[in-house]
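Okay, here's what each chain looks like letter by letter:
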Amino acid sequence: MDLGVDIEHPPPTNDLIIDSNGPLDPAAQRSIQAALSLAINVAQDSCADTPLLHLLRSSLSSSLSDQHLLHLASQLIHSLDAPLGIPVENFHDARRFHWEKPLQGSDAVVKGGYATLLNAVWDDAVRTGKVSVLHEHTCVSVSTKDPVKCIVSTQRGQLESKVVVCTAPLATLPSIQFQPPLPQHKQEAITDTKTGLLEKLIFTYSERWWSGDANPSFTLLPTTNSQHTPKEILLSHVLNVQTFSHPSLLIYLPPGAIRALAMYSKQDVQRAGAEVLAERLPRVAGVAHAASTPLAAHLTTWKKDSTSNGATTTYTTPQQLHALQAPSTDGRLGFAGEHTEIHNHGSVNGAVMSGFREAHRVSEYLSRRASE
Ligand SMILES: Cc1cc2nc3c(=O)[nH]c(=O)nc-3n(C[C@H](O)[C@H](O)[C@H](O)COP(=O)(O)OP(=O)(O)OC[C@H]3O[C@@H](n4cnc5c(N)ncnc54)[C@H](O)[C@@H]3O)c2cc1C
């Protein structure tokens, strides 16, 4: 389907790992990155009910004899916290780590921002004349008790249909009352499947003031154990920092930092983030110091947003995702969203694929019913 939206494939990034003394020596960086990649492969192939951290550490110990490199590599393990959405030490069963089939295709960035794509999808659907979009209608209950019609109650009224596909994210499903109640195994999957924590802290600047090659990314290793201020909280975690073609920097906040920062104001966190970047990233020679003062900052708050309550599914199993995907009430109540796609959960493509899957299923269901 061509929605007329332009995308660009970001060029490969060159990561620079920075410890308390500045950027690592390239040979040291290569050694610890190679050792961690190997450790991740070992953990991925492991069939043991063992904590992930234990597997990663023991693999690092066998491949790195230099104690300083081993220390740095052990710190680098926590660069996985942000993408996993939970701290590695909470990954108690390594069998839940990276069991998914790898994604086919490649990442791309939507020109004009992600909203451009969403608007194009809406416009395309609305143009068919078969779709109406109701904004600010929070669903509070779904009843499929009647043998023919489904009733969706929102805070603004009721809607009736032959079939319902519920696309509310996993962490908001408990706020919706289903009548009759969902099957026990589905309720358990909703309660037991974890939603990860991930937030973004974004800064824009008047010009690029950090050095590195054309498209660098940075991994900041911890420099303190103390967590008395927002700045110390950031400095005590591994921070993955992304750069762009425009002068902006993005810190992926790991779950441990998000929890510890929750008691501080947005402004305090943004100020601390800007200071950490200004102090720790290598600078382009000759660029004024003031350039590292951001023009604007933004901190996402998906955890506090009642329409998401966090990021996406993590630390999950195929069985849980199958239970989350399964339609109920003879197929009249379906479920879509990233949390219902087995191998692509936690991603936009998973959410899109789940939409196609449910559209196909509902279409077959309605044809079958029409012919009865
Ligand atoms: C920080 C971060 C970075 C990410 N980066 C990437 C990335 O680079 N690439 C990638 O592929 N994926 C990424 N993801 C994951 C991706 O954003 C999600 O997997 C995807 O958006 C999930 O889509 P969804 O439709 O399942 O849920 P959502 O996008 O959460 O949509 C659910 C909708 O339901 C609405 N809703 C909630 N409750 C109710 C209710 N009771 N009644 C009515 N409506 C309700 C919400 O308002 C929302 O509009 C990232 C996620 C995060 C948090």
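Because the structure is a prediction, the values reported are computed rather than measured. (Residues numbered from 1 in each chain as written. Predicted model: local features only at pLDDT ≥ 70, side-chain atom pairs only at ≥ 80, totals over all residues. Heavy atoms only, no water.)

## Regarding the sheet that holds strand β13 (residues 239-243)
The strands that make up a sheet are held in pairs by hydrogen bonds between backbone atoms, and each pair lies either parallel or antiparallel.
Right, so step 1: Pairing is mixed in the open sheet, where seven strands are placed in the order β3-β2-β12-β13-β14-β11-β15. Two strands in the sheet have a free side with no partner beyond their single neighbour: β3 (22-23) and β15 (296-299).
Right, so step 2: Two strands pair when backbone bridges link them, and strand β11 (residues 199-204) and β15 are joined in this way by four bridges, in the antiparallel orientation. The residue of β15 that forms the bridge with Leu-201 is Leu-299.
Right, so step 3: Here helix α9 (residues 266-280) sits on the sheet in contact with β2 (14-19), β11, β12 (216-220), β13, β14 (248-253) and β15, set at roughly 65 degrees to β11. (Pairing = 2+ DSSP bridges. Helix = DSSP H or I, 4+ residues; strand = E, 2+ residues; numbered from the N terminus. Contact = heavy atoms within 4.5 Å. Axes fitted to C-alpha atoms, helices over the stretch in contact; angles between N-to-C directions.)

## So, the layout of surface pockets
Right, so step 1: The space that makes up the second largest pocket amounts to roughly 280 Å³.
Right, so step 2: Lining the second largest pocket are 18 residues, with Lys-194, Thr-195, Gly-196, Arg-259 and Lys-303 positioned closest to its centre.
Right, so step 3: Listing elements by their share of the lining of the second largest pocket, those giving two or more residues are α6 (184-192) and β10 (194-195).
Right, so step 4: Looking at the lining of the second largest pocket, its residues break down into seven nonpolar, eight polar and three charged.
Right, so step 5: Looking at the lining of the second largest pocket, you find at least three residues from each of domain 1 (24-96) and domain 2 (163-195 + 308-370). (1 Å grid on protein atoms, 1.4 Å probe; cavity = no way out; pocket = protein on both sides within 12 Å on 5 of 7 lines; lining within 4 Å. Points joined across faces, edges and corners; volume = space filled by probe spheres on them. Nonpolar A, V, L, I, M, F, W, Y, C, P; charged D, E, K, R; others polar. Domains from an automatic or database assignment.)

## Looking at the side chain of Thr-317
Right, so step 1: Here Thr-317 is to be found in the loop between β16 (313-314) and α10 (318-325).
Right, so step 2: A relative accessible area of 15% places Thr-317 in the buried class.
Right, so step 3: In this structure the side chain of Thr-317 is engaged in a polar contact, spanning 3.1 Å, whose partner is the backbone nitrogen of Gln-320. (Buried < 20%, exposed > 50% of the residue type's maximum accessible area, 1.4 Å probe, protein only. Polar contact = N/O pair within 3.5 Å; in protein donor to acceptor, adjacent residues only side chain to side chain.)

## So, the site of the ligand
Right, so step 1: In the neighbourhood of the ligand, 20 residues make up the surrounding shell, with Cys-139, Gly-337, Glu-338, Ser-347 and Val-348 lying closest.
Right, so step 2: In this structure, Glu-338 approaches the ligand through a main-chain N or O atom, which is 2.8 Å from an oxygen atom.
Right, so step 3: In the complex, 64% of the free accessible area of the ligand, which totals 1,000 Å², lies under the protein chains.
Right, so step 4: Of the residues forming the shell around the ligand, the biggest block, three residues, is contributed by helix α11 (residues 348-370).
Right, so step 5: Taken together, the residues of the shell around the ligand sort by class into eight nonpolar, 10 polar and two charged. (Near = heavy atom within 4 Å. Areas by Shrake-Rupley, 256 points an atom, 1.4 Å probe, with all protein chains shown as cover.)

## Details of the pairing of strand β5 (residues 139-143)
Right, so step 1: For β5 and strand β6 (residues 150-154), the ladder comprises four bridges, and the chain directions are antiparallel. Residue pairing in the sheet places Cys-139 in a bridge with Thr-154 of β6.
Right, so step 2: The loop that links β5 with its antiparallel partner β6 comprises six residues.
Right, so step 3: Where β5 meets strand β9 (residues 177-179), three bridges bridge the pair, whose relative direction is parallel. Directly across from Val-142, in β9, lies its bridge partner Phe-178.

## Side note on the domain arrangement of the protein
Size of an interface: often given as the accessible area lost when the parts come together.
Right, so step 1: The assigned domain composition of the protein is domain 1 (24-96), domain 2 (163-195 + 308-370) and domain 3 (201-299).
Right, so step 2: Computed over C-alpha atoms only, the centres of domain 1 and domain 3 are separated by 24 Å.
Right, so step 3: Taken together, the 11 residues of domain 1 in the interface contact nine residues of domain 3.
Right, so step 4: Between domain 1 and domain 3, roughly 740 Å² of surface is buried when both sides are summed, and carbon and sulfur atoms account for 71% of that area.
Right, so step 5: Of all residues in domain 1, the largest losses of buried area upon contact with domain 3 belong to Gln-75, Ser-79 and Ala-82, amounting jointly to 49% of the total for that side.
Right, so step 6: Run the count over domain 1 and domain 3 and you get one residue pair in polar contact (both at pLDDT 80 or more).
Right, so step 7: Mapped onto the side of domain 1 that touches domain 3, the elements with two or more residues apiece are α3 (67-76) and α4 (81-84).
Right, so step 8: The class makeup of the residues in the side of domain 1 that touches domain 3 is six nonpolar, four polar and one charged. (Buried area = accessible area lost by both parts, 1.4 Å probe.)

## What to know about the UniProt feature "domain: Amine oxidase" (unreviewed entry) in the protein
Right, so step 1: Following the UniProt record, the feature "domain: Amine oxidase" (unreviewed entry) maps to residues 104-362 here.
Right, so step 2: For the annotated span residues 104-362, helix accounts for 29% and strand for 22% of the residues, and the straight-line distance between the end C-alpha atoms is 26 Å. (UniProt positions renumbered as here; feature names shortened; annotations may be inferred.)

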